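Chain by chain, the residues run as shown.
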Amino acid sequence: ASSTPELIWFNGKMVPWHQAQVHVLTHAIHYGSSVFEGVRVYDTPDGPQVFRLTDHVQRLFDSAKIYRMDIPFEHEEISQACKQAVSLNGLSSAYLRPIAFYGNVGLGLTPPRVPVEVAVAAFEWGAYLGEDGLANGVDVCVSSWNRLAPNTMPAGAKAGGNYLSSQLISMEAKRHGYHEGIAMDVNGMISEGAGENLFVIRNNVIYTPPLSGCILPGITRDTVIQFAKQHGYEVREELIAREALYLADEIFMTGTAAEIVPVRSVDQIHVGNGKRGPITESLQNAFFGLFDGSTTDEWGWLEPVNQT
Ligand code: PMP
């Protein structure tokens, strides 16, 4: 469940929630022309800390660059906006939503050279696929919808329009009683979930689809790869066929919202013994350990919200 923030950072200043509004002719509503991020802030023993903020802000600017969109703020200003949205709302943990979009520019398809609008909202938000999902795993299906094909719309940009694909995948999954759907790419190989990257484990080797234009380069994905290597696991970024899902010892999905969530069944076939597997659990422990202090942050991934 999310609650409404009192203040939202909008085009350079904090404004009351009801003032953070756009016009019905906002370009992004008509044509999907927004780029955004999802960032988590964790309540740690050292106060609220943002996880991998620099990487999320970089990906926001990367997504904008792909679409030739000029964000009229510096990276540092967006980072500060993220921290302010947390601290000025008095939050100790949060899900942050920075978004840049073309506003009210009339009906022309090609966005004219107008200032891009930018907002950052901070919400209180629990586990995306539920606390139960984190411990016991979720049930997923292979979607009848494929993910965006390379050279149609870039899956590597986190753009508003891409989430029409994600909505089709996740609505279909929920309609059929699953927690989430996994999409194949245009060649029929595994790509990702509606809002998560995917990992498949067999015989102690960890497989995940490569960054070859069919997935979002997830920041949690990168985090997990680094933990897995540190723990001595072999990680292979390579194409994965659908049947590997049915033969896996363990499967888990990663995302800022989803965190690290075990998959206990795919298309009603049990993954392993149908419970969270040991490698998944050890990676979850490493990840959540960052936020209670039991994992040392040797990468500098945590950034305090309140500067000293
Ligand atoms: N794929 C898609 C389509 C997503 O929306 C997300 C969530 N941002 C991810 C993967 C995971 O990315 P991250 O770990 O950076 O949140």
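Residues numbered from 1 in each chain as written. Predicted model: local features only at pLDDT ≥ 70, side-chain atom pairs only at ≥ 80, totals over all residues.

Draft legend 1. Inspection of the overall build of the protein at higher detail. Summing up its helical and strand segments, the protein has eight helices and 17 strands in all. Once the C-alpha set of the protein is aligned to its principal axes, its extents read approximately 55 × 45 × 30 Å. Relative to its full complement of 308 residues, the protein shows a buried share of 43%. (Helix = DSSP H or I, 4+ residues; strand = E, 2+ residues; numbered from the N terminus. Buried ≥ 20, exposed ≤ 12 C-beta atoms within 10 Å, placed from the backbone.)

Draft legend 2. Inspection of the site of the ligand at higher detail. Around the ligand there are 14 residues in total, and G218, I219, T220, G255 and T256 lie nearest to it. Elements represented by at least two residues in the shell around the ligand include exactly α6 (219–230) and β14 (250–255). (Near = placed C-beta within 6 Å.)

Draft legend 3. Molecular detail of the pairing of strand β5 (residues 47–51). Burial analysis of β5 places four of its five residues in the buried class, which makes it a mostly covered element. Summarising the sheet, strand β4 (residues 39–44) and β5 pair through four bridges and their orientation is antiparallel. Counterpart to Y42 in the pairing with β5 is Q49. Hairpin connection, β4 to β5: the antiparallel pair is bridged by two residues. Bridge count for β5 against strand β17 (residues 302–304) is three bridges, and the pairing is antiparallel. By the bridge assignment, V50 is partnered in β17 with E303. (Pairing = 2+ DSSP bridges.)

Draft legend 4. Molecular detail of the pairing of strand β2 (residues 13–16). Relative to β2, strand β1 (residues 7–10) is paired through four bridges, and the arrangement is antiparallel. Bridge pairing links I8 to V15 in β2. Hairpin connection between β1 and β2: a loop of two residues separates the two successive antiparallel strands, and N11 in this loop has a positive phi of roughly 50 degrees.

Draft legend 5. Fine view of unusual backbone geometry. If you check the backbone angles, N203 has positive phi at about 50 degrees while not being a glycine. With respect to the helices and strands, the residue N203 is situated in the loop between β11 (197–202) and β12 (205–208). When the 6 C-beta atoms within 10 Å are taken as the criterion, N203 is described as exposed. You will see that Q268, though not glycine, has its phi angle at about 70 degrees, which is positive. Relative to the helices and strands, Q268 is located in the loop between β15 (259–266) and β16 (269–270). For Q268, a count of 9 C-beta atoms within 10 Å corresponds to the exposed category.

Draft legend 6. Region of the structure containing the packing of helix α2 (residues 53–66) against helix α3 (residues 75–87). Where α2 meets α3, the closest approach of the two axes is 10 Å, and the angle between their N-to-C directions is 125 degrees. With respect to α3, the element α2 is oriented oblique. Considering how the two elements wind past one another, α2 and α3 form a crossing that is right-handed. Taking contact as the criterion, the partners of L53, V57, L60 and F61 in α2 are, on α3, H75, I78, S79 and C82. For the contact of α2 with α3, the class distribution of residues is six nonpolar, two polar and no charged. (Axes fitted to C-alpha atoms, helices over the stretch in contact; angles between N-to-C directions. Parallel < 35°, antiparallel > 145°, perpendicular 65-115°, else oblique. Left-handed = near helix turned anticlockwise from the far one by under 90°. Contact = placed C-beta atoms within 7 Å. Nonpolar A, V, L, I, M, F, W, Y, C, P; charged D, E, K, R; others polar.)

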